[in-house]
Structure formats: C-alpha cells, structure tokens
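What follows is each chain in one-letter form.
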Amino acid sequence: VSFRQLTLPEKSPPHTELLDLQPLPVSALGSYASLYESAFSHFNPIQTQVFSTLFNSDDNVLIGAPTGSGKTICAEFAILRMLQHEPNGRCVFIAPLQSLAEERLAAWRKSLTQLGASIEMLTGETTTDLKLLDRNTIIISTPQRWDMISRRWKQRKGVQNVSLLIVDEMHLIGGEVGPVLEVVISRMRYISSQMESRCRIVALSTSLANAKDLAEWIGCSSHGIFNFHSNVRPVPLEIHIQGFDIAHVPSRLLAMAKPAYYAVVNHAHEKPAVVFVPSAKQAVLTAVDMLTYATADDSPQRFLHASAEDIAPFVKDVNEGTLQHVLAYGIGFLHEGLSAAEQQAVLALHESGAVQVLVVTHSMCWGLTAQAHLVVLMDTQFFDGAEHRYTDYPITDILQMMGRACRPLVDDNGKCVLLCHAPKKLFYRKFLYEPFPVESHLDHFLHDHMCAEVVTKTIENKQDAVDYLTWTFMYRRLTQNPNYYNLQGATHRHLSDHLSELVEATLGDLEQARCITVEDGMEVSPLNLGMIASYYYIQYTTIELFSSSLQATTKLKGLIEIISSAAEFDALPVRHREDDALQQLAMHCPQQIEDARYNDPHCKTNVLLQCHFSRRDAGREMAADLDFVLDKATRLLQATVDVISSSGWLAPALATMELSQMCVQGVWDRDSALLQLPHFGRDLAKKCTAAGIESVFDLMDMEDDERRELLSMTPAQLADVARVCNRYPNIDLNFEVEDADEIASGDAVSVVVQLQREGVDEMTTVPKVHAPRFPKPKEEGWWLVIGDPKTNTLLSIKRITLQLKAKVKLDFVAPDPGEYTYTLYLMCDSYLGCDQEYELKLSVGEAEDDDEDGTEDDEEED
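Described below are features of the structure shown in this document. Note that the structure is a prediction, hence the values are computed from the model and not measured.

## Considering the sheet that holds strand E10 (residues 331-334)
Overall, parallel pairing links the six strands, which are arranged E8-E15-E12-E9-E11-E10 in an open sheet. Single-partner strands in this sheet number two, and they are strand E8 (237-244) and E10. Strand-to-strand twist of the sheet, defined as the mean angle between neighbouring strand axes without regard to direction, takes the value 15°. Inspection of the sheet shows E10 paired to strand E11 (residues 357-361) by four bridges, in the parallel sense. Bridge pairing in E11 links glycine 332 to leucine 358.

## Digging into the layout of surface pockets
Estimated volume of the second largest pocket: approximately 940 Å³. Every residue lining the second largest pocket is counted, 37 residues in all, and those nearest its centre are Arg152, Tyr535, Tyr536, Asp642 and Arg799. For the lining of the second largest pocket, the secondary-structure elements that each account for two or more residues are helix H5 (126-135), helix H21 (528-536), helix H26 (620-647), strand E21 (793-800) and strand E22 (805-813). Take the lining of the second largest pocket: its biggest share by element is six residues, from H21.

## Structural notes on a negative patch on the surface
Where like charges cluster on the molecular surface, the negative patch consists of Glu736, Glu738, Asp739, Asp741 and Glu742. For aspartate 739, the location among the structural elements is in the loop between strand E18 (731-737) and strand E19 (748-757).

## Examining helix H25 (residues 601-614)
Over its 14 residues, H25 runs 20 Å from end to end, which matches the ideal 20 Å to within 8%, given 1.5 Å per residue. Burial analysis of H25 places 14 of its 14 residues in the buried class, which makes it a mostly covered element. Count one or two residues on from H25 and you reach arginine 615, which has phi positive near 55°.

## Comments concerning the environment of leucine 832
Mapped onto the elements of the fold, leucine 832 is located in the loop between strand E23 (818-828) and strand E24 (836-844). On the basis of relative accessible area, leucine 832 is assigned to the buried category, the value being 6%. Taking the C-alpha atoms as reference points, leucine 832 and aspartate 443, 389 residues apart in sequence, are found 44 Å from one another.

## Topic: the nonpolar core
Grouped together as the largest cluster of nonpolar side chains are 153 residues, with contacts concentrated most on Trp146 and Val264. Once residues lying within four places of it in the same chain are set aside, the contact partners of valine 264 are His269, Ala273, Val275, Met290, Phe303, Gln356, Val357, Leu374 and Val376. Judged by nonpolar contacts, the second largest core, of 130 residues, contains Ala618, Val696, Val753 and Phe774.

## As for the side chain of threonine 286
By the secondary structure assignment, threonine 286 is in helix H11 (residues 280-296). Here threonine 286 is in contact with Val275, Val277, Val359 and Met378, once residues within four sequence places are set aside.

## Some thoughts on the sheet that holds strand E7 (residues 225-227)
Across the sheet, seven strands lie side by side as E3-E4-E2-E5-E6-E1-E7; this open sheet has parallel pairing. With one partner strand each, in any of the chains shown, strand E3 (119-121) and E7 form the two edges of the open sheet. Each strand of the sheet is rotated relative to its neighbour by a mean of 15°, with strand direction disregarded. As paired elements, strand E5 (residues 164-167) and strand E6 (residues 200-205) share four bridges and run parallel to each other. Opposite leucine 165, over in E6, you have isoleucine 201 as the bridge partner. Strands strand E2 (91-94), E5 and E6 of the sheet are contacted by helix H8 (residues 178-194), whose axis makes an angle of about 160° with E5.

The rules behind these values
Residues numbered from 1 in each chain as written. Predicted model: local features only at pLDDT ≥ 70, side-chain atom pairs only at ≥ 80, totals over all residues. Heavy atoms only, no water. Pairing = 2+ DSSP bridges. Helix = DSSP H or I, 4+ residues; strand = E, 2+ residues; numbered from the N terminus. Axes fitted to C-alpha atoms, helices over the stretch in contact; angles between N-to-C directions. 1 Å grid on protein atoms, 1.4 Å probe; cavity = no way out; pocket = protein on both sides within 12 Å on 5 of 7 lines; lining within 4 Å. Points joined across faces, edges and corners; volume = space filled by probe spheres on them. Patch = residues over 30% accessible without salt bridge, like charges linked within 9 Å, V, L, I, M, F, W, Y side chains within 5 Å. Areas by Shrake-Rupley, 256 points an atom, 1.4 Å probe, with all protein chains shown as cover. Salt bridge = Lys/Arg side-chain N within 4 Å of Asp/Glu carboxyl O. Lys, Arg positive; Asp, Glu negative; His and termini not counted. Charge placed at Lys NZ, Arg CZ, Asp CG, Glu CD. Expected span 1.5 Å × (residues − 1). Buried < 20%, exposed > 50% of the residue type's maximum accessible area, 1.4 Å probe, protein only. Core = buried A, V, L, I, M, F, W, Y, C linked by side-chain atoms within 4.5 Å. Contact = heavy atoms within 4.5 Å.

Have a look at this one:
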C-alpha cells in the first residue's frame, strides 16, 4: 500500500485549559438563584469558567466536556439570559435522541416552569407542532421533528423567530442522526443570515479533537470555544480495561459474569453500581447471575440496603416475576420490554440506595438518569439483526455509559470497569483517554434534504445546490481531512470538482425517482412526488417505491405489504432468534406473507401490523417496536393517499383511508366498530351485533335500561363507554353543486360542502381521538372525496382538520356531455364506522362553440 497520496487530517488545536478560578456562588444569577440553591451553593469549575460568556453575552458557544460535567446547567445559563433580556424570545432545545428529549422535558418541567416559562416537546404531527411552537417559550425536539417543521421556514414565522438554539450531545453529528442534525443547524444559521433577527447557537458535546471546525461552523468566535480535555471531570474517573480472549460472543459473556460480580463487590463496596449489557435477555441473566454468586458467597442480601417493608410499595408496581424476585435481594434490571411504571419503580429504588446493583441494556444508556459510583460494561458488542452479525457499540455510547459513574458532591471519584474482547483493548485505551474526532456523513444522506430544499425553492439551480453545501459542517471538513471524503487533494479545484460531482449525482438520482426535474442541465424544479416526500418527511426511495408499486387494483393486502416495505422501517431492530417468534405469530395472521424472510425488518413490520389489527400480544419488546412502526405509519399512509389520488384511482385511496383507521384503533376493517369502545371485547361485540346493535350510534340511541342490560357492566365502566361515545364524531353534511344547471363539458365544477359537528354544545374544541392502542395523542383528520365507483376514478380530494364546523370547496373538470352519478365520501382517518357517502348527480351539457376542444378527460385537483 502506497502512502504517497495520503493526506492526514490537520493537527487539532490545543484544549481549553481549566482555570483555577474561585468557584462561582449560585447568587451570581441574581433573581434566578433559587433554581439551584436547594441543590448546591457553588457552580463547578467548568460552569464557573463559561458563566460570563453564556450569561453576560450573546455569543455563540461550543462547550466540549466529558459526560457528567454539568453542561446542561451551562445551557440553562443561556436560557436564563434569554428570559431576562428577551421575555418573548423562543428557545429550541435539540436532543439527538427521543429518550434524551423526554428526560430533559421532565427535568425542566420541574425547574424552569417556576420562572413562568412554558415547555413543550414536538410531536411529529405538523398541525399540532405549529401550535406548540407559537404558544411556548421552550421547545424540545429531536433533529428529525425540527427538520420536519423548519423545512418550510419561509412561511412559518415561529421558525424564523427562534432566538436561541441549544444542541445537546453535538458529537453525535458523527453518528446515525448526524446528517439530520447537521442539516437543521446549517438551516438555522442560514435563516439567521437571511433575517434581521439573530439566532444564538449554544452547542454541548463531549471533549472533541476537532472542536475548532465545529465551533467555526456554528459561528463561534475564538472566545466562544470551551473544549476541555476528556480528563477534566468534576469527579475524576478511574478506568480499568480487561480483555477476554474468547471470540464467540455468548461464551465471552458467560466468562464475564464472575469478573463483573467481583468488580461490583471490590470497587463499589456498598455504593450504587450500574452494569451495562448487550441485550434484554442478557440483562435478566446477569441479574440472576449476580444473585447466584452472592448466594454462593453466603451473603445473598449483600446488595440490599433497606428492609423488605421499605421496598414493598415499589415492588407492587412490578409484574415481571424475575424482576420482583431479584429486587428483593437488592438487584434490579431495566430493558425496553418493561412498562413505564416498572422502570420508574426500579429507578426510584436504585436512586434511594435500597437497590445497589442495576443491570441495564446498552440501548437505554442515553435516557438513563441513574448515577452510580461504579459502571461496568459487560462486553462492547451487540447483535445487529438487520446485518445478522455482532457489531461494536459506537464510541459515543461507551462515553455516555462511562459518564454515568459520576456523583458530584457525593463521591471523590468514579470508577469504570470495561470488559471487552482482548484485541479491542488497545483501541479503547486510545479513544477513551483521548478526545473524540467527529466527521460528517451528510454526503451519504443528501438526497432527501436536497429534495426538500428544491421543493421550498431554496435550491432553484445547480449553483444554489453547491452554495447550500457550503453552509454544512461537511464543507468545513472536506479541506481538513480530504482522504476521508474521497478527495485526492485539498486545493480549491479538488473541492469544487467534488461538490459539483456530489450535486450532479444527487440531483440525477432524484430526477430518476421522478421527485424533481432538471431543465437545460441547470435549472431544477420539484415534481409532485418530490413535494409529497418533502411534505410528509418521507425518504425519496419510499415515495419512488409507492409510485411504482401502487396500482388501480391494489387491495388492503397489497397496501399493507407496500407500507411495510418503506425504507423508514429499515432501522427496525430484529433481535437474536426473534425470527422464530415472528414465524409463530405469522401463522396466526389473516393475510399470508409471500416469500417471508422473518429476519427482515419489513417482514417484521408486516407481522406486527397484522398483530396490531388482530389485537394479538406480540410480547413486550415487540410492543415497543410496534409503537415505532405506528408512529411512522400515519405519515406514510397520508402520503400513499396523495400518490394514489395523483393517479386518480378511487378504490385504493378509500382502502388506504380505512387502513389509517385500522392503524389508529387496532382493528380489522371488517371488525365491529364497537371494538373501539373501552371494555369491549370480541364476545361482547358479537352479542351486540346479534341484538341488532352494530354501530356506536345504535348504542347511543338505545334506552338506558336496555343498554345496561345488554352490556352488563359496572357503573364506572358504563361511564367510560359514555365518555368515549360522546367524543365519537357525528358530522352533519350538506352539499350543493354551484350553478348546477349551467355546467358544460370542460367547465370547472365546484361542489361546496358544509360540515357541522352534532352534539357539540358543550364542546369548544374537538377532543383528541380515543385511541388507547396508538402510541401517541392523535388529532382527528378527514378526507372529502368525489369519485365514480363504477369506473374507479377519483375526481377531487381534500384533506381537512374539522373543528366545530367547516365549509369546503371541491373542484374538478366537467366530463363529456351526459348524466352522471358520482359519490361524495367523507372519510375519517382515526375512527371506524363514522364515514359517510352521498350520491351526487350531475348533468353536463355541450361545450360552447368557441371552446371546441375543451372536452377533457377526468382530471383531479390534488
């Protein structure tokens, strides 16, 4: 291998020295001091050093310091400054992972709300999010949700008026969510340059090797960079790395069980310890092993530091048998399969010190609030179902896990024991003691972002596309580390050629997918598919798949297959040996999956959706996966409706709308609508159908005594049913065709539809949908459709959010002369059994002479 052409990355600038300053008293915050007084009296050295820049200036700031250094409080300084100087200002806090966002929301709701600041988290539903953005001071969001809402920033005042952007865990820009994080920060910088109002950016990260590039990219001056060395921790950390020369992963984990136990016994003594393991199954096994070894040492209770009576109130929330058993001996475990109540009970016991040892799956390390004196990492590899192999943890995850060994004001030091495969020992020794280099991966994920910018007209030609790339972090790194990005050199020529090629290739792919069109080799403009992909935040490959797979004859089975094949579900984890469980579940699914590969995430999506409609329990871990699937399914289904209606097909569009109802309610389209009510099972629904009660409206029309007798429920259960029945939408619909007598072939026909909610005297706003099987709050959505079922043509469609009443106009082009009977549909996206259809008669006369070729085929207004 010749190294002649190798260009090494530039040497990194030195770290910020931690100055030996007098610790700053909390009273320096003036009227805001009350936030912290109960917890501590002085800020730590890092907080003291950055305080003046954050609280007394408006400079952009990058703080690089190890996990557990109190960086969140540094970010709070910037928020307090905004509240003080801009009472109407708005702060957006971007947490790269959902678990981090939820943890921050819970913490700030306790603290910052005392200052009158309102705090909300974005939901991923655009209409809801825009309202949240306008009404709250602090918005917490993941990069994806902020990308979704800020794409159309030109029309959205709320996005333009953000005065403070805080980015947490900025070093994850080199990880999986990196490209989206990079795009949203670049966009906020761009908006700031286009608007009069300036947006201050504060970024928090671990210690970085190349902090200067990141800092310059977000617009920091030299005195806004605080990049401390990774050994500058408020609580010093001792790291012990132990190698095991066993290549077979399950055998290696077996060999690590006893060393992990002795690490806890020898290093933690009676202080709390956290053990990280690769999988949920391993978490249970390790907890049981710990108990076995403790019993063998004749002290089974050695990890329990409370009486059985003290922990009893917490243990009663736990239904998992093994967890109940080990908690009684002072050992707890956490994995994604446990319910929220169980997780809270275990965390509360660990925090209080009653339960000394906590075993946690590695994937939960980001949302974990537990702190300990000792952290043990049992192996650094996990089974990646998508790749069917064992993969190393990202270094960022390992740094995060190590950061849990930090209890300021309690311990003088923290300890971390890392058990790994022997050949990896030197690698970890280097990267855990030295700062972390980050690179951009945007060049591999550029298509969807480029497509969105073409749709919003930020990019109108290829030169704009190149200019757009100059705002990114990738552009800064291209010259610093050219070989990493496949550049041969770092001259201006090399750079411009590389960017031009990247733009050409990306726009070429998008043009091939029919998302955009390139004219004269230079000008770019969006096409319908590109607009749909950008609006619903869907990958361009998914929209291309939808467009090529959907047919005029597609039925429900085909729709479920097409939705399951979306690229959005590529990331769905398939765990070790889970394919057997999926195969068992698939045998009970009403729709067979052809050529099923059960270790494929798309096949798993299909099985999970069918289990959801059949209300079949798929186990605790897969229930969490189902939430992930349903969360994305609503967007995908709305996009599917748009793709189908662009082709003017009626039957598949109506089937997709019904599929949307099925996803929200967890029933099949042929099931009784009564299953949407609380306390209703299939047996009771059958009994009601036999008594002639088929819909929710039938149930509401019954006499009270008859209903009580039929349902035979307790008063409390009846009250639950009544509450949901009163929420159930009852819509009164009237319509008329404008100038119905004078319609000639080729004219624009307008149908005016009046919608009015019945029984809303006591309602001022429409309540959220009752959907206990759906993972997040859902707002009602409706579609109005005009179509001809005989020819399977869709003439006009509109999506509406119906408050108490609405007036909607649907337009289409009149067909050839003659008498027509169309159908007007009102379809809900959340409830079964409240759809309506009406006959719409139309008589079309001859076209006027001066417009001889005005007869056109059925057209459709999207």
